[in-house]
Amino acid sequence: MDKINIKGLICFGNHGVLKEEQVLGQKFVINATLYLDTQAAAMSGNLEKTVNYAEICQRVKSFVEGNTFELIETLAEKIARDLLRTYTILKKVDIEVQKPWAPIGLPLDTVSVEITRERHTVYIALGSNMGDKKAYLDSAVAKLNALEDFKVITVSDYIETEPYGGVKQDNFLNGVLEGETLMSPMELLDALHEIESLEGRTRTIHWGPRTLDLDIIFYDDMAIDSKDLTVPHKEMHLRDFVLTPMNQIAPWFRHPVLNKTVENLLDELK
């Protein structure tokens, strides 16, 4: 991936834990690496096919000088998200915030925080078997797309399936959507739980009926296994109601643990 580097952008901001830092202010130095495809701009000479680094420098400077945060970690995070939200052509950014006048009572060149943030491709399974099932799924898609750090790319057809898990209940309506997000896996999980709650989801019966069920199936090609989240979903390769709609929108996507495409997994299941 191509890169545009911005080094040594000097700003004067009011960031720090100490009261005098927030009142008097001090110098900050920002370094940024912007990842994007510059080939189209290079071949055509069209500025609209790349980013205007002078504009970005001014935007970062205005952001640093127009806000106040206690931690430079927060400042770095906010700069990264602001750039990725504003310039959709950017795939990833590296941001370093240097604080050369850090008041620690010892001689030093600088203190800095450096982070990398990028867009992530996610696949989310949707399900409902209570009330107006389609309305619940459509509402979930709309609510996800309305989030500041999430964009719905495509949604599969909805399919009717029999319930899984042995609990007697109505048939499900299921689908899968592809999305792009700036959220971390746990941030995304929290957002999904909030949407489920807004749609009246309760968790009283395991594998029981529900107004809305939202599960992260894939998050890039990551393998996550924690107390609260497992990605890829540990039983997705056994579930026709996940694989069939997923196969409609991304048959080529490769399971990062099983090393098989969605199409392969669906063929094996059938």
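Preceding block: the structure.
These numbers come from a predicted model, not from an experiment.

1. Things to note about the packing of aromatic side chains
Per the stated rule, a full pass over the model turns up 4 aromatic pairs. On the numbers, 6.4 Å between centres and 90° between planes, the contact of Y123 with F218 is edge-to-face. With Y123 in strand β5 (residues 120-128) and F218 in strand β9 (residues 213-219), the pair connects residues that are 95 residues apart, well separated along the chain. Y123 gets classed as buried once you look at its relative accessible area, which sits at 2%. Residues Y123 and F253 carry aromatic rings whose centres are separated by 5.1 Å and whose planes lie at 65° to one another, so their mutual orientation is edge-to-face.

2. Considerations on helix α3 (residues 53-66)
The end-to-end C-alpha distance of α3 is 19 Å, a good match for the 20 Å that 14 residues give at a rise of 1.5 Å each. Here α3 has its buried residues at I56, V60, F63 and V64. Burial along α3 is one-sided: seen end-on, the buried residues are contained in an arc of 95°. Residues of α3 that are buried in the fold lie against β1 (2-13), β2 (26-36) and α4 (72-86). Near the N-terminus of α3, the side chain that reaches the backbone nitrogen of A54, with its oxygen 3.0 Å away, is that of N52.

3. With respect to the pattern of salt bridges
Counted according to the given criterion, the structure contains 14 salt bridges. Here E65 makes a salt bridge to K61, at a shortest N to O gap of 2.9 Å. Of this pair, E65 and K61 both sit in helix α3, 4 residues apart, roughly one helical turn. Residues E187 and R81 are paired through a salt bridge, measuring 2.7 Å at the closest nitrogen-oxygen approach. With a gap of 106 residues between them, E187 in helix α6 (residues 185-198) and R81 in helix α4 connect regions that are remote in the sequence. For E187, a relative accessible area of 32% translates into the label partly exposed. Connected through shared salt-bridge partners, E77, R81, R85, R117, E148, D149 and E187 make up one network.

4. Focus: the packing of helix α5 (residues 133-146) against α6
Closest axis-to-axis distance for the α5/α6 pair is 10 Å, and the angle between their directions is 135°. The orientation of α5 relative to α6 falls into the category oblique. In the packing of α5 onto α6, the handedness of the crossing is right-handed. Taking contact as the criterion, the partners of A140, K143 and L144 in α5 are, on α6, L192, I195 and L198.

5. Quick notes on the side chain of T33
Position of T33 among the secondary structure elements: in strand β2. The buried category is assigned to T33, whose relative accessible area is 13%. A distance of 2.9 Å separates polar atoms of two side chains, one belonging to T33 and the other to N5. For T33, the contacting residues outside a window of four places in its chain are K3, I4, N5, K92, V93 and D94.

6. Observations concerning the layout of surface pockets
Of the volumes computed, that of the second largest pocket is approximately 210 Å³. As for the second largest pocket, its lining consists of 13 residues, of which L84, T88, R119, K151 and E180 are closest to the centre. Listed by contribution, the elements that provide at least two residues to the lining of the second largest pocket are α4, β6 (150-155) and β8 (172-181). Looking at the lining of the second largest pocket residue by residue, the class counts come to 5 nonpolar, 2 polar and 6 charged.

7. Some details on the sheet that holds β2
Strands sit in the order β1-β2-β3-β4 across an open sheet of 4 strands; the sheet is antiparallel. Among the strands making up the open sheet, the edge pair consists of β1 and β4 (111-118). Averaged over neighbouring strand pairs, the angle between their axes works out to 15° when direction is ignored. Pairing of strand β3 (residues 92-99) with β4, which is carried by 8 bridges, proceeds in the antiparallel orientation.

Rules and cut-offs
- Residues numbered from 1 in each chain as written.
- Predicted model: local features only at pLDDT ≥ 70, side-chain atom pairs only at ≥ 80, totals over all residues.
- Heavy atoms only, no water.
- Phe/Tyr/Trp six-rings, centres within 6.5 Å; stacked < 30°, edge-to-face > 60°.
- Helix = DSSP H or I, 4+ residues; strand = E, 2+ residues; numbered from the N terminus.
- Buried < 20%, exposed > 50% of the residue type's maximum accessible area, 1.4 Å probe, protein only.
- Expected span 1.5 Å × (residues − 1).
- Arc of directions from axis to C-beta.
- Contact = heavy atoms within 4.5 Å.
- Polar contact = N/O pair within 3.5 Å; in protein donor to acceptor, adjacent residues only side chain to side chain.
- Salt bridge = Lys/Arg side-chain N within 4 Å of Asp/Glu carboxyl O.
- Axes fitted to C-alpha atoms, helices over the stretch in contact; angles between N-to-C directions.
- Parallel < 35°, antiparallel > 145°, perpendicular 65-115°, else oblique.
- Left-handed = near helix turned anticlockwise from the far one by under 90°.
- 1 Å grid on protein atoms, 1.4 Å probe; cavity = no way out; pocket = protein on both sides within 12 Å on 5 of 7 lines; lining within 4 Å.
- Points joined across faces, edges and corners; volume = space filled by probe spheres on them.
- Nonpolar A, V, L, I, M, F, W, Y, C, P; charged D, E, K, R; others polar.
- Pairing = 2+ DSSP bridges.

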